[in-house]
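Structural features, examined
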Amino acid sequence: MADALVIPGDSNHEYHVRATVMGFELDLLVDTGFTHDGCLIGVALDEASYRGVRSRLRNFVDISLRSLGPASRFAESGIGVVALVGLEGSEVETRIVNAGANLLGVCYFHRLPEFSILWDMANRTMSIGRMGSSLGT
Amino acid sequence: MSTFDEERARDFAAYEQLKAALTEKYQGLYVAIANGRLIKVAPTIEEAREAVKQYRHRLVFQAGAEPVRGTVYIRWLTP
């Protein structure tokens, strides 16, 4: 376990990170467009991944999802624990929604108030770690 | 005709009125509220969801859990 983690951008300029969702290891896309006004939902999963972890979630609630258009739809969510693989102290309890894609949203990161993210544009990496760690913040 | 926001406000008002009773009587079961009233209590979330699928706004949740207010925004997801 390290106190900081480097997330490299890929050839599509996307940032993917390995995470465990209730013990299942998955690839999640860091998506700063994925938010919730109450900041209760930190992770979205595609149907297959959601079905895989569903039995380990609790407190199921359907929630309203909205994309670019005005229409909204409802999707199931449950509470579970999510952590970034290899990053010490990154366990977060958050709602996980069955929303058609594997995404790590803003509200996951907002549950880590002792951490910061350094986005290195020249090297196209994101680094996350505890403030005062080897991240250099 | 009510707006979506008005329907949502009605459903959450109904939830607030029913909250204590739902938790006490139906803990662990699934609840569906729509049109400002309790529509269904069911052993599975699928059954509860089915009972209110015709309503534009609805609350479907496990009794004892707090329904989630607000909207999740996923910018790029196809509607």
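Up top is the structure these notes are about.
Given the structure is predicted, the values throughout are model-derived calculations rather than measurements.

**Observations regarding the overall build of chain B**
The number of helices and strands found in chain B is two helices and four strands. Each helix (α) and strand (β) of chain B, taken in turn from the N terminus, gives the series α-β-β-α-β-β. Its C-alpha atoms give chain B a radius of gyration of 13 Å, within 12% of the compact-globule value 12 Å for 79 residues. When the backbone C-alpha atoms are referred to their principal axes, chain B occupies close to 40 × 25 × 20 Å. Out of the 79 residues belonging to chain B, those deemed buried represent 28%. For chain B, the share of sequence-separated contacts (at least 6 apart) that also reach a separation of at least 24 residues comes to 42%.

**Structural notes on the interface of chain A and chain B**
When the parts of a complex come together, some accessible area is lost, and that lost area is often used as the size of the interface. Counting residues at the interface gives 29 residues for chain A, matched by 19 residues for chain B. Mapped onto the side of chain A that touches chain B, the elements with two or more residues apiece are strand S4 (34-36), strand S5 (41-45), strand S6 (58-66), strand S7 (72-84) and strand S8 (92-98) of chain A. Tallying contributions element by element places S6(A) first for the side of chain A that touches chain B, with eight residues. When its residues are assigned to classes, the side of chain A that touches chain B shows 13 nonpolar, 11 polar and five charged.

**Digging into helix H1 (residues 4-26) of chain B**
In an α-helix, one turn spans 3.6 residues, which is why side chains three or four residues apart end up on the same side. All names here are of chain B. Taking 1.5 Å as the rise per residue, H1 with 23 residues should run 33 Å; its terminal C-alpha atoms sit only 27 Å apart, a clear shortfall. Along its length, H1 reaches its greatest deviation from straightness, about 55°, at Leu18. In the segment just after H1, Gly28 is the residue with positive phi, at about 90°.

**Comments concerning the pairing of strand S10 (residues 115-120) of chain A**
Successive side chains on a regular strand alternate, one facing one side of the sheet and the next facing the other. All names here are of chain A. Examined bridge by bridge, S10 and strand S11 (residues 125-130) share six bridges and lie antiparallel to one another. Note on S11: the bridge partner recorded for Asp120 is Thr125. The turn joining S10 and S11, which pair antiparallel and follow one another in sequence, is formed by four residues; a positive phi near 50° is taken by Arg124.

**Quick look at the nonpolar core**
The tendency in soluble globular proteins is for nonpolar side chains to be buried side by side. Val43(A), Ala44(A), Leu104(A) and Val60(B) are the most contacted members of the largest nonpolar core, which totals 47 residues. At five residues, strand S1 (residues 30-34) of chain B tops the list of elements feeding residues into this core. The contact partners of Ala44(A), leaving out residues within four places of it in the chain, are Phe34(A), Val97(A), Ala99(A), Ala101(A), Asn102(A), Leu103(A), Gly105(A) and Ile74(B).

**Considering the sheet that holds S10(A)**
Hydrogen bonds between backbone groups are what pair the strands of a sheet, and the pairing can be parallel or antiparallel. Residue and element names in this part refer to chain A. Pairing is antiparallel across the open sheet formed by three strands, whose spatial order is S1-S11-S10. Edge strands, defined here as strands with exactly one partner in the open sheet, are strand S1 (4-8) and S10. The mean angle between the axes of side-by-side strands here comes to 15°, regardless of whether they run parallel or antiparallel.

**Brief notes about the pairing of S8(A)**
Residue and element names in this part refer to chain A. Burial analysis of S8 places five of its seven residues in the buried class, the great majority of the element. Relative to S8, S5 runs parallel, the two being bridged by four bridges. Opposite Leu45, over in S8, you have Asn98 as the bridge partner. Of the strand pairs in this sheet, S7 and S8 are connected by six bridges, and their pairing is antiparallel. Within the sheet, the bridge partner assigned to Val82 lies in S8 and is Val92.

**Looking at unusual backbone geometry**
Residue and element names in this part refer to chain A. Although it is not a glycine, Met22 sits at a positive phi angle of roughly 50°. Take Met22: it is sitting in the loop between strand S2 (16-21) and strand S3 (24-31). Despite not being glycine, Asn59 has its phi angle at roughly 55°, a positive value. Tracing the backbone through its elements, the reader meets Asn59 in strand S6.

Reading guide: rules and limits
Residues numbered from 1 in each chain as written. Chains lettered and ligands numbered in written order. Predicted model: local features only at pLDDT ≥ 70, side-chain atom pairs only at ≥ 80, totals over all residues. Helix = DSSP H or I, 4+ residues; strand = E, 2+ residues; numbered from the N terminus. Rg over C-alpha atoms; globule rule 2.2 N^0.38 Å. Buried ≥ 20, exposed ≤ 12 C-beta atoms within 10 Å, placed from the backbone. Contact = placed C-beta atoms within 7 Å. Nonpolar A, V, L, I, M, F, W, Y, C, P; charged D, E, K, R; others polar. Expected span 1.5 Å × (residues − 1). Bend = angle between axes of the 7 residues up to and from the residue. Pairing = 2+ DSSP bridges. Core = buried A, V, L, I, M, F, W, Y, C linked by C-beta atoms within 7 Å. Axes fitted to C-alpha atoms, helices over the stretch in contact; angles between N-to-C directions.

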